[in-house]
Every structure is written in C-alpha cells, then in structure tokens.
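# Coordinates in review
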Amino acid sequence: MNPGYRAAVSGARPARLAVPAYRGCMGIRDIELTTIDGEPTTLAEFGDRAVLVVNVASRCGLTPQYEKLEDLQRRYESRGFTVLGFPCNQFAGQEPGSADDIKEFCSTTFGVTFPLMDKVKVNGAHAHPLFQALKETPDAHGKAGRVKWNFEKFLVAADGQVTRFRPTTQPDDPAVIEAIDAALAQRAESSESAEHSA
C-alpha cells in the first residue's frame, strides 16, 4: 500500500509546509526556471495557480503516471491548477533523451498538454534550487529530504504551502485529490476576499 493511500484511509493528512524564503530573500515562486524550450520562467508566472511539481522520466516503471497527470491537468486547469513536469535523469538513467525526444514522447504517447521544464537534477550538490527548497517539506510520515525516485510530487498552493507525495502515490490517489481541492478552494476564497476589499 502506498504512503498517500495509507494516509488517506487512516484519516491522516499529508504534511503541509510553508517553504521559507530561498536564500533569505527569494520566495519559492521567484526561483528561476527554464522551460523545455529554453525560455526563462518562474512559478510566479503561473499567477496564483496551484502547481503540482513532478520530476518525470520516460523509461520508468512509473511512467504511466503521465496519463493520470494529464487527467488532472484537464480536470482542474480551468479552476486554476497546472502540472509542471521536470524531466530528470538521476534515477537509473531513465530520462536520457534530448528536449525534443522528451516532448515528442510525452505528446505522442500520453497526449501531454501541461508545461514541461528543462531537464534538472533533484538530489545532490547540483540539485535545482526549486527542488532544494521543496525537499524541506516532509511527506505524510514526517520525512523530508531526498527525492526517492521519479514521479515524486509537490503541490504548491497559491499561499506557498507545499504538500508532498512520494513516487508510488498515484496522481488520482484520494490524498492528492483532496489536497488539490483544498488548494483550489483556498485560491477561490482568496480571490473573493480580494474582490470584496477592492
């Protein structure tokens, strides 16, 4: 039984953590990213959307999760949600392809429409700064630190709260759905409050 499912059926909630400012001055949404097409971006450019950050790979036993990630994208995109895929070749060399290879695979095999980023490292001294920050968040069992494998998931809410799900937790796991719904409800509430105060 995977950790996310166990947390869901036991009534436990995955840990949510407000990731502190990166290097003392930069929020997690301001960390510089690069798209798979080489363009600079940040999480901030996705506005107040809830963002599911996932380190992905094309030759992994968990690669079929792409299909469920795309299902989440189509189901929730209109409500202010997006998946962001970060190709990573750190785990058994399971993402060896070029940017064009990865884009073609994702498009033709799973019909992926959510944004893909440049290939990154998620662990070690050369881990991307975004993952350095995200890894401070503990999982449902209170354990923070290293990404375990491909398809680890970090839900970043509009308020900066991060919820972490380990690789074997499926994208449609009840705990993931509950966290997305909560993040989107919080986003809608914040928008309404802003409108009333305007």
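Refer to the structure above for everything that follows.
A brief structural summary. (Residues numbered from 1 in each chain as written. Predicted model: local features only at pLDDT ≥ 70, side-chain atom pairs only at ≥ 80, totals over all residues. Heavy atoms only, no water.)

Our next topic: the packing of aromatic side chains. In the structure shown here, the tally under the stated rule is nine aromatic pairs. Both rings, one in Tyr-66 and one in Phe-114, keep their centres 6.3 Å apart while their planes meet at 20°; by these two values the pair is stacked. On the criterion of sequence distance, the pair formed by Tyr-66 in helix H2 (residues 65–76) and Phe-114 in the loop between helix H3 (99–110) and helix H4 (129–134) is long-range, its members being 48 residues apart. You can call Tyr-66 buried: its relative accessible area is 0%. Centroid distance Tyr-76 to Phe-81: 5.8 Å. Interplanar angle 65°. Geometry classified as edge-to-face. Here Tyr-76 and Phe-81 have matching classes, each one buried. Linked through ring pairs, Tyr-66, Phe-105, Phe-110, Phe-114 and Phe-151 together constitute an aromatic cluster. (Phe/Tyr/Trp six-rings, centres within 6.5 Å; stacked < 30°, edge-to-face > 60°. Helix = DSSP H or I, 4+ residues; strand = E, 2+ residues; numbered from the N terminus. Buried < 20%, exposed > 50% of the residue type's maximum accessible area, 1.4 Å probe, protein only.)

Side chains carrying opposite charge are able to pair once their charged atoms draw close together. A full pass over the atoms with the stated rule returns nine salt bridges. The closest approach of N and O atoms between Arg-164 and Glu-152, which form a salt bridge, is 2.7 Å. Taken as a pair, Arg-164 in strand S7 (residues 161–165) and Glu-152 in the loop between H4 and strand S6 (153–156) lie far apart in primary sequence, 12 residues in all. Shared partners join several salt bridges into a network, and the residues in it are Asp-139, Glu-152, Arg-164 and Arg-166. (Salt bridge = Lys/Arg side-chain N within 4 Å of Asp/Glu carboxyl O.)

This paragraph deals with the nonpolar core. General note: in soluble globular proteins, nonpolar side chains tend to be found buried as a group. Counting residues in each nonpolar core, the largest one holds 31 residues, and the members touching the most others are Leu-52, Tyr-66, Phe-81, Leu-155 and Ile-180. Looking at this core, the elements with two or more residues in it are strand S4 (50–56), H2, strand S5 (81–87), H3 and helix H5 (174–197). Here the element with the most residues in this core is H5; it accounts for seven residues. Dropping the residues within four chain positions of it, Leu-155 is found in contact with Ala-50, Val-51, Leu-52, Phe-81, Gln-161, Val-162, Thr-163, Ala-179, Ile-180 and Ala-183. By size, the runner-up hydrophobic cluster in this structure holds 22 residues, among which are Leu-43, Cys-88, Val-120 and Phe-154. (Core = buried A, V, L, I, M, F, W, Y, C linked by side-chain atoms within 4.5 Å. Contact = heavy atoms within 4.5 Å.)

Attention shifts here to H3. For the α-helix, the turn length of 3.6 residues means that residues three or four positions removed from each other point alike. Its 12 residues place the ends of H3 16 Å apart at the C-alpha level, agreeing with the 16 Å of an ideal helix rising 1.5 Å per residue. Looking at the buried side of H3, the elements it contacts are H2 and S5. Two residues or fewer after H3 comes Gly-111, characterised by a positive phi angle close to 60°. (Expected span 1.5 Å × (residues − 1).)

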